[in-house]
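So the chains spell out like this:
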Amino acid sequence: TNVKTSAKTDRRRWIPASVCLWGLLMLGWGMAEASMVGGPVIGERAPEFALADLDGRSHRLREYQGRPVLLTFNSVRCPISQAYTDRLRALARDFGSAHSLEILAINASANESDEEVRAGMKAADLPFPVLRDREGLLADAYGGVLTPHVFLLDWRVYLRYQVRIDNSHQPR
């Protein structure tokens, strides 16, 4: 009987330890997975870029130095991106001229034609440029893997905040 009781006690001790070990392994895997995405780290200088907008005008990040910049990776086919356009218009209205906030929308979808993006952005009535990153190089440099994904840069173009927007369609 002592041997059975002892074995039961040993199993009871190992179950919580096994669960903790499994949790730590999953946490480590998740962190490794997140680090594979890449992109700038909060407090680091944001990657430089030169992209054309839908009218062919070139935009370079260094042109915006001296003003805060909000970069938002969007897609005209993503329902969450489309639901977020009201919030982007409100940010442009409330912080654009009053706080010199520059907003740049970046479409990094190779599956969306210029015509489709132009029509979608016109329908959204966005008051800021929409840049094309057809090959996804800027999205890769920033770690923008989902849409919408937003990056806030300070006046020196250092990353201060980033967030992948959730699927809430309700304004706050």
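Read on for a plain summary of the structure. Keep in mind that what you see is a predicted model, and the values were worked out from it rather than measured.

**Considering the overall build of the chain**
When its secondary structure is counted, the chain shows four helices and seven strands. Element order for the chain, N to C, with α for helix and β for strand: α-β-β-β-α-β-α-β-α-β-β. A buried classification covers 33% of the 172 residues belonging to the chain. If you take every contact in the chain between residues at least 6 apart in sequence, the share linking residues at least 24 apart comes to 72%. Surface exposure of the chain reaches about 10800 Å², of which carbon and sulfur atoms provide 57%.

**Notes on the layout of surface pockets**
One number sums up the size of the second largest pocket: a volume of about 180 Å³. At three residues, the largest contribution of residues to the lining of the second largest pocket is made by helix α3 (residues 114-124). Tallied by class, the residues present in the lining of the second largest pocket amount to six nonpolar, no polar and four charged.

**Describing the pairing of strand β3 (residues 69-74)**
Burial of β3 is extensive: six of the six residues sit out of reach of the surface. Of the two faces of β3, the one carrying V69, L71 and F73 and the one carrying L70, T72 and N74 are both buried. The pairing of β3 with strand β4 (residues 102-107) spans six bridges and is classified as parallel. Across the sheet, residue L70 finds its bridge partner in β4, namely I103.

**Details of the nonpolar core**
Across soluble globular proteins, nonpolar side chains show a tendency to be buried alongside one another. Core analysis: the largest hydrophobic core is formed by 18 residues, its most contacted members being F49, L71, Y142 and L153. At the level of secondary structure, the elements contributing two or more residues to this core comprise β3, β4, α4 (137-142) and β6 (149-153).

**Observations concerning the sheet that holds β3**
Strand order in this open sheet of five strands is β5-β4-β3-β6-β7, and the pairing throughout is mixed. Edge strands, defined here as strands with exactly one partner in the open sheet, are β5 (130-132) and β7 (159-164). Averaged over all pairs of adjacent strands, the angle between their axes in this sheet comes to 20°, without regard to strand direction. Sheet topology places β4 next to β5; three bridges connect them, and they run parallel. Pairing of I106 across the sheet is with L131, part of β5. Sitting on the sheet, helix α2 (residues 79-99) touches β3, β4 and β6, and the angle it makes with β3 is about 165°.

**Looking at the side chain of H149**
Assignment of secondary structure puts H149 in strand β6. H149 has contacts with L71, T72, F73, G143, G144, Q162, V163 and R164, leaving out every residue within four places of it along the chain.

**Details of the environment of E112**
With respect to the helices and strands, the residue E112 is situated in the loop between β4 and α3. Since its relative accessible area comes to 2%, E112 is described here as buried. For the pair formed by E112 and S75, sequence separation is 37 residues and the distance between their alpha carbons is 8.1 Å. With near-sequence residues (within four places) excluded, E112 lies in contact with S75, V76, R77, N107, V117 and R132. Of note is the side chain of E112, whose polar atom sits 2.6 Å from the side chain of N107.

What counts and what doesn't
- Within every chain, residues take consecutive numbers counted from 1 along the sequence as written.
- In keeping with the predicted nature of the model, local features appear solely for residues at pLDDT of at least 70, side-chain atom pairs appear and are counted solely at 80 or more, and the whole-chain, interface and lining totals rest on all residues.
- The side-chain numbers reported here are obtained from all heavy atoms of the structure, hydrogens and water having been left aside.
- By the criteria applied, helices consist of DSSP H or I runs no shorter than four residues and strands consist of E runs no shorter than two, each listed in order from the N terminus.
- For each residue, the accessible area found with a 1.4 Å probe, counting protein chains only, is set against the maximum for its type, and the residue is called buried under 20%, exposed over 50%, and partly exposed in between.
- Note on contacts: a residue pair is in contact if any heavy atoms of the two residues lie within 4.5 Å.
- Shrake-Rupley sampling with a 1.4 Å probe provides the accessible areas, and residues are treated as covered by the protein chains on show and by no other component.
- In this analysis, the protein atoms alone were mapped onto a 1 Å grid. Cavities are point sets where a 1.4 Å probe fits without being able to get out; pockets are open sets with protein on both sides within 12 Å along at least five of seven lines; lining residues have an atom within 4 Å of a point.
- Grid points are joined across faces, edges and corners, and a volume is the space filled by probe spheres set on the points.
- In this classification, the charged set is Asp, Glu, Lys and Arg, the nonpolar set is Ala, Val, Leu, Ile, Met, Phe, Trp, Tyr, Cys and Pro, and all remaining amino acids, among them Gly, are polar.
- Whether two strands pair depends on DSSP finding at least two bridges between them.
- To define a nonpolar core, start from buried Ala, Val, Leu, Ile, Met, Phe, Trp, Tyr and Cys residues and group those joined through side-chain atoms within 4.5 Å.
- Working convention: axes come from line fits to C-alpha atoms, limited for helices to the stretch in contact. Angles between N-to-C directions cover 0 to 180 degrees.
- Any pair of N or O atoms that falls within 3.5 Å is considered a polar contact. Within protein, one atom must be able to donate a hydrogen and the other to accept it, and sequence-neighbouring residues count only if both atoms are side-chain atoms.

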